[in-house]
Amino acid sequence: MGIAIEDLAVAYGGQRVIDGLALTIEPGTFFTLLGPSGCGKTTLLRTIAGFVPAERGHMRFGGTEVTHLPPHKRDIGMCFQDYALFPDKTVFDNVAYGLRARKQAESAIKLKVQAALERVGLGHLGARHPAALSGGQRQRVALARALVIQPKVLLMDEPLSNLDAKLRLQVRETIVELQREAKITTVFVTHDREEALAMSDRIGVMNQGRLEQVGTPAQIYREPRTGYVADFVGGANIIAVETVARQAGETATIALDGVTITARAPAALTAGKATLVARPEDILLAEPGTAGTLPGRIAHRQYLGGKTSYKVALDSGRVLAVDLQNGAHDRFEPGASVGLGFDPARTLVLAS
């Protein structure tokens, strides 16, 4: 079942938090709302759930208008950041809670709960209480509880943020596998761009209550429409430049610190101020004086196993982040002079 949102407005204490938001999520899609704290992503999720009222607009699940329905009538499953398990109930009874609230027969409940626990790898822990479980196990209980009622929509509010790095990877794989298996339309909230890129079918990047860009993970990462998206999703270098000329196709020539650079220009540009977007892995280091490069100096070097990360200070005073794979360029020592170049096939230039 898909989700359609039209002209949504939400206010807290008289202050408009979301205004005029529109979004369509296709049935069975794993859709992630991505953004920093305070951008409005959790407010949007809670509005979809029915916990926060809409001031204006329409929201439909399939063809059903749900804008003013209470949460228990929206047929949603919900996973919270803090798990929200009942500490006095066993794992089995936590998962069974939603089925019992729907007055299902105990014989059916027993079968469904055991099947749900088996799916999340906890079939042998039904008699335990939440206090006896690890964080990852608690989150999987919460996931089983949300899925056992077979909701039309699954909503997840930063469900992995309380887990350590290894558990995050394990539980995120479980979530994706179960979502694909159940084909449930899912809205997932996170501030972690790696999570969003790894798990999602589509991503909506939020900024101050609005959707800055919606697209596939590859589109969001490789085709950012704004400097905000480029910086938040991957820590791109954002550089003010001057556009010299628009070339045939989606290419432009720009000037940076006296050097002419060619970059991709997917949107219309006019001569004058523009923004160059260059991810650290799309910048090249060469010997000083190499044609077409900017003169700079290695200010910092950090070996990270699969890559070596540099901070390069240009003669103009700009400092850019550069990532080179596999430590193959360790000849560039801190303090060494280098030439810095841009991959024209991957570097973007956007209108300012």
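Because the structure is predicted, anything quoted here is derived from the model rather than measured.

(A) Representation of the packing of aromatic side chains within the structure. Under the definition given, this model contains five aromatic pairs. For the pair Phe 86 and Tyr 97, a centre-to-centre distance of 4.8 Å together with 50° between the ring planes defines the contact as tilted. In this pair, Phe 86 sits in the loop between strand E6 (76-79) and helix H2 (91-101) while Tyr 97 sits in helix H2, placing the two residues eleven residues apart along the sequence. Accessibility expressed as a relative area gives 29% for Phe 86, which makes it partly exposed. Seen in terms of ring centroids, Tyr 310 and Phe 332 are 6.4 Å apart; in terms of plane orientation they differ by 80°. Their pairing is edge-to-face. Of this pair, Tyr 310 sits in strand E17 (residues 307-314) while Phe 332 sits in the loop between strand E18 (319-325) and strand E19 (337-342), and the two are 22 residues apart along the sequence. Like Phe 332, Tyr 310 is buried. Lying across the ring of Phe 86, Lys 89 places its NZ or CZ 5.7 Å from the centre. For the cation-ring pair, Arg 279 lies above Tyr 221, with the distance from its terminal atom to the ring centre recorded as 3.9 Å.

(B) Up close: H2. Listed as buried for H2 are Val 91, Phe 92, Asn 94, Val 95, Ala 96, Gly 98 and Leu 99. The inward-facing, buried residues of H2 abut helix H3 (106-119) and helix H4 (135-148). Just beyond H2, the residue with positive phi is Lys 103, at close to 60°.

(C) A look at the pairing of strand E13 (residues 259-264). As paired strands, strand E12 (residues 251-256) and E13 are joined by six bridges and run antiparallel to one another. Within the sheet, the bridge partner assigned to Ile 254 lies in E13 and is Ile 261. Linking two consecutive strands that pair antiparallel, namely E12 and E13, is a turn of two residues; a positive phi of about 50° is found at Asp 257 within it.

About the thresholds
- Residues numbered from 1 in each chain as written.
- Predicted model: local features only at pLDDT ≥ 70, side-chain atom pairs only at ≥ 80, totals over all residues.
- Heavy atoms only, no water.
- Phe/Tyr/Trp six-rings, centres within 6.5 Å; stacked < 30°, edge-to-face > 60°.
- Helix = DSSP H or I, 4+ residues; strand = E, 2+ residues; numbered from the N terminus.
- Buried < 20%, exposed > 50% of the residue type's maximum accessible area, 1.4 Å probe, protein only.
- Lys NZ or Arg CZ within 6 Å of the ring centre and 35° of its normal.
- Contact = heavy atoms within 4.5 Å.
- Pairing = 2+ DSSP bridges.

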